[in-house]
Each structure stands twice: as structure tokens, then as C-alpha cells.
Amino acid sequence: MNSPHHSDLGATLEQSRSGLRDSHRRSLMRLLFLITGSALVVFACLQILNGFLWVGVGELFASIFLFFGVWRLKSTPHLQRWVYAYLVPLFAFFVVIMLLPQASVSAFVWVLMMPVLAYLLLGKKEGMILCAPFMIVGGVIYYIYLGQVGNPHAMIDLLNMVLCGALMLAFVHFYEVRREEAEQRLVDTAQTDALTGLANRSNFQGTLNRTIAEGERGGSGFTLVVMDIDHFKVVNDTLGHEAGDFVLKNISRCLTERLRSTDFVGRLGGEEFGLILRDLKPADAYILMDELRQRISERELPYGDAKITVTASFGIAQWPDHGREAEGLLRVADRWLYSGKRAGRNCVVGAGHNPRQLEILTVEAS
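Residues numbered from 1 in each chain as written. Predicted model: local features only at pLDDT ≥ 70, side-chain atom pairs only at ≥ 80, totals over all residues. Heavy atoms only, no water.

Engineer: What should I look at first to understand the sheet that holds strand E3 (residues 272-278) in this one?
Structural biologist: In any sheet, the strands associate via hydrogen bonds between backbone groups, in a parallel or an antiparallel arrangement. The sheet built from 5 strands is open, its strands ordered E2-E3-E1-E6-E7 with mixed pairing. Of all strands in the sheet, those bounded by a partner on one side alone are strand E2 (264-269) and strand E7 (348-349). Here E2 runs beside E3; their pairing, made up of 5 bridges, is antiparallel. Residue pairing across strands places Gly266 opposite Gly274, the latter belonging to E3. (Pairing = 2+ DSSP bridges. Helix = DSSP H or I, 4+ residues; strand = E, 2+ residues; numbered from the N terminus.)

Engineer: What exactly am I supposed to notice about unusual backbone geometry here?
Structural biologist: Note that the residue after Trp319, namely Pro320, is joined by a cis bond; omega there is 5°. The residue Arg345 is not glycine, and still its phi comes out positive at about 70°. As for its placement among the helices and strands, Arg345 is situated in the loop between helix H12 (326-342) and E7. Positive phi values are uncommon outside glycine, yet Asn346 reaches one of about 55°. Turning to its location among the elements, Asn346 is positioned in the loop between H12 and E7. By relative accessible area, which is 27% here, Asn346 ends up partly exposed. (Buried < 20%, exposed > 50% of the residue type's maximum accessible area, 1.4 Å probe, protein only.)

Engineer: Is there a simple way to think about helix H10 (residues 241-258) in this case?
Structural biologist: Helical geometry: 3.6 residues make up each α-helical turn, so side chains three or four residues apart lie on a common side. The terminal C-alpha atoms of H10 lie 26 Å apart, and with 18 residues this matches the ideal 26 Å at 1.5 Å per residue to within 8%. Of all the residues in H10, the buried ones are Ala243, Gly244, Val247, Leu248, Asn250, Ile251, Ser252, Cys254 and Leu255. (Expected span 1.5 Å × (residues − 1).)

Engineer: Is there a simple way to explain the pairing of strand E6 (residues 312-319) in this structure?
Structural biologist: Across a regular strand the side chains alternate sides, sitting on one face of the sheet and then on the other. Across the 8 residues of E6, 8 count as buried, placing the element largely inside the fold. Burial of E6 is two-sided: the residues Ala312, Phe314, Ile316 and Gln318 facing one way and the residues Ser313, Gly315, Ala317 and Trp319 facing the other way are all buried. Sheet topology places E6 next to E7; 2 bridges connect them, and they run parallel. Residue pairing across strands places Phe314 opposite Val348, the latter belonging to E7. As a crossover connection, the stretch from E6 through H12 into E7 is left-handed. (Right-handed = clockwise from strand over helix to strand, strands pointing away.)

Engineer: For this particular structure, what's the right way to read the packing of helix H3 (residues 53-72) against helix H4 (residues 79-99)?
Structural biologist: For any two helices packed against each other, one specifies the inter-axial angle together with the distance between the axes. Running from amino to carboxyl end, H3 crosses H4 at an angle of 160°, the nearest separation of the two axes being 12 Å. When the axis of H3 is compared with that of H4, the two are roughly antiparallel. In this structure, H3 meets H4 at a crossing whose hand is left-handed. Across the interface between the two elements, Trp54, Glu59, Phe65, Leu66, Phe68, Gly69 and Arg72 of H3 pack against Trp82, Ala85, Tyr86, Phe93 and Val96 of H4. Residues that form the contact of H3 with H4 fall into these classes: 9 nonpolar, 1 polar and 2 charged. (Axes fitted to C-alpha atoms, helices over the stretch in contact; angles between N-to-C directions. Parallel < 35°, antiparallel > 145°, perpendicular 65-115°, else oblique. Left-handed = near helix turned anticlockwise from the far one by under 90°. Contact = heavy atoms within 4.5 Å. Nonpolar A, V, L, I, M, F, W, Y, C, P; charged D, E, K, R; others polar.)

Shape is all these values report; function is a separate question.
Below, the structure is given as C-alpha cells:
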């Protein structure tokens, strides 16, 4: 069985903090740094001309940092820190310009940009946590800026700002919630076998790679099993493909019913399945798979007027004894599987357990 590299969509989604992938966030951050840095140079000159020397100097230093960030963001592994290093001072700066004695009323519109930037770059949870306090502070400052709000005109101005800010935050939050749900549904569809409901080949490959990485960190081994339904083509040829689909669904149900919650099973294609057995000794893995083999062979599946009985063959490989990479491990399990098929099928085969040995063990146990 060939095992090409597949991107792990589940891990990618889990690591994604917003609707943008890290590569897109990186590009957007570089653009924001460039635009903000250029704008700050202009604003710094204007602030100095207006007599706010300390503000102008601060903006010039900030622009230098931003231009440095445009270059650094190309390859930094600490993208999230750069996002916070940009957003927190930016939001604080919005608050500062609102507090200036001669602040323009137009300065308060920047409050409405806070949820857009925060949710876009940080996602739903972190975006809300960051922008909500700054928006509240901005609302309080605007209330103080208006002074006496007892008259209808000032009250209208205050309500316009408060309602617009609240609606902006609510709309952005609602959109992000729905986007996450839609993306999760797409990923689930992309990683699930439509017929059996099990993980598909791409999902199984990603989980196998992740399990190997966990084993490298923790030093714990696991068992990889490749299972194939014997003479499955006969079922399709004699009873039709609908009968074959019926068998596959029942086999899938049998696998999920018997395996533990820590195990993982996927359909690799056709009548072939893959299993990952974690925290299980090699001998126990053989016993579990032989029990599963017997359950499959003893089942009679009613299909119309017929009763379908099938058997399955299993090839077992151990990590890291039989390979440290996914491709090599699958190749070993595949080799044992087809060794069992050549020896007569309906058996569990692996290093130290060939079909003949298994037959002897079964007779002795009985």
C-alpha cells in the first residue's frame, strides 16, 4: 500500500486561531505593519506641528518598530506574540488619542475597528477577551468627552456610539461562530468516509503521523494493524455492490464496537481498514485482533433472502520495533497482511506470529 504524505486537516484547524491560516495571517500582519508604520510617520509629523511633541516622537519610534516587523514577520516562529505586540499598543494608542485635550470626535471611530482586527487576527475567544475591555474604556472616554449628556443631542451622540460599537462586536462575533461551525463541518466531511462514517485514508494518515510524534516525545509504543476483508470481490460479484456496501458498514460497526476509546480506526480504501492500538502490549494486541477476527467470521449478516458470512485477515506492525516512520510501518503491516492471505486468509499475522503458529496457539487454547 502506498502511503503518500497527507496534510493533517484536523491539526491544521486546531492550530488555526482565526479564519485565516498562519501563512495568511503572516501576510496580513506584514501589510498592516507597513500601512500602520507609514501612516504613523505622517501622523507623527502632524502631531509635532500641533505641539504634541511627545506623541509625535512616540509615533516615530512605533513606526521604526513596525518597519522592522515587516522584515521579521517573514520567518518568525512567534507569530502570535507579534500579533499581540501589534494589537495591544494599537488599541492603547486609540485610547490615548481619545484622551488628548483637543481630540477630534472622529478619533472615536477607531473603537469600531477593534473587534474587526482582534477577531480577524486572534479568532473568537482571544479576540473577544482583547477587544472588549478596550471598547468599554473607549465608550467611557466618549461619555466623558460629551460632558453633560442630559440634553437630547448629546444623548443621541452617546447612543449612536454605544449601539454601533455593540452591534459591530455582536455581528463580528456571530460571524466568527458561524464560520467556525461551517469550517468544522467541511473538515469533518473531508476527513470522514461517506459510506462507513469512519475516518478516511487522509485522516488515518494524519492520526498515524500524530501518534508517531507523540510516541517520539513520550517513548510509548503502539500497534498498527492493516485489515482486509477476504474474498470481498465475490460478495460484489454475486450479490451486487449494495450488498458489498452493507458488509462494509457492518464490519465498520463491528470494529468500533470492539475497540477501546483510545484506539483509532479508519477505512483506507475499498475493503481495507487501518487500526491504531495505543497503550497495548504486543501480545495483547494479537489477542485483541484474533478476537476481532473471530467475531467477524462468526457473524451472519442477513441481506434479503441471503445470509452473508465473511472473514478478514490482519497484518500487525509495532512501533518503533518495525519502523519509526509511517510509510515504513505501513509497509511492514502490509507485508504481514498479504503473507497471511497467501497462507489461507482469516488470520492475524505479524513478527513472531505466522498463520501456523496462530493455529497451534488456538488449538492449545481450546
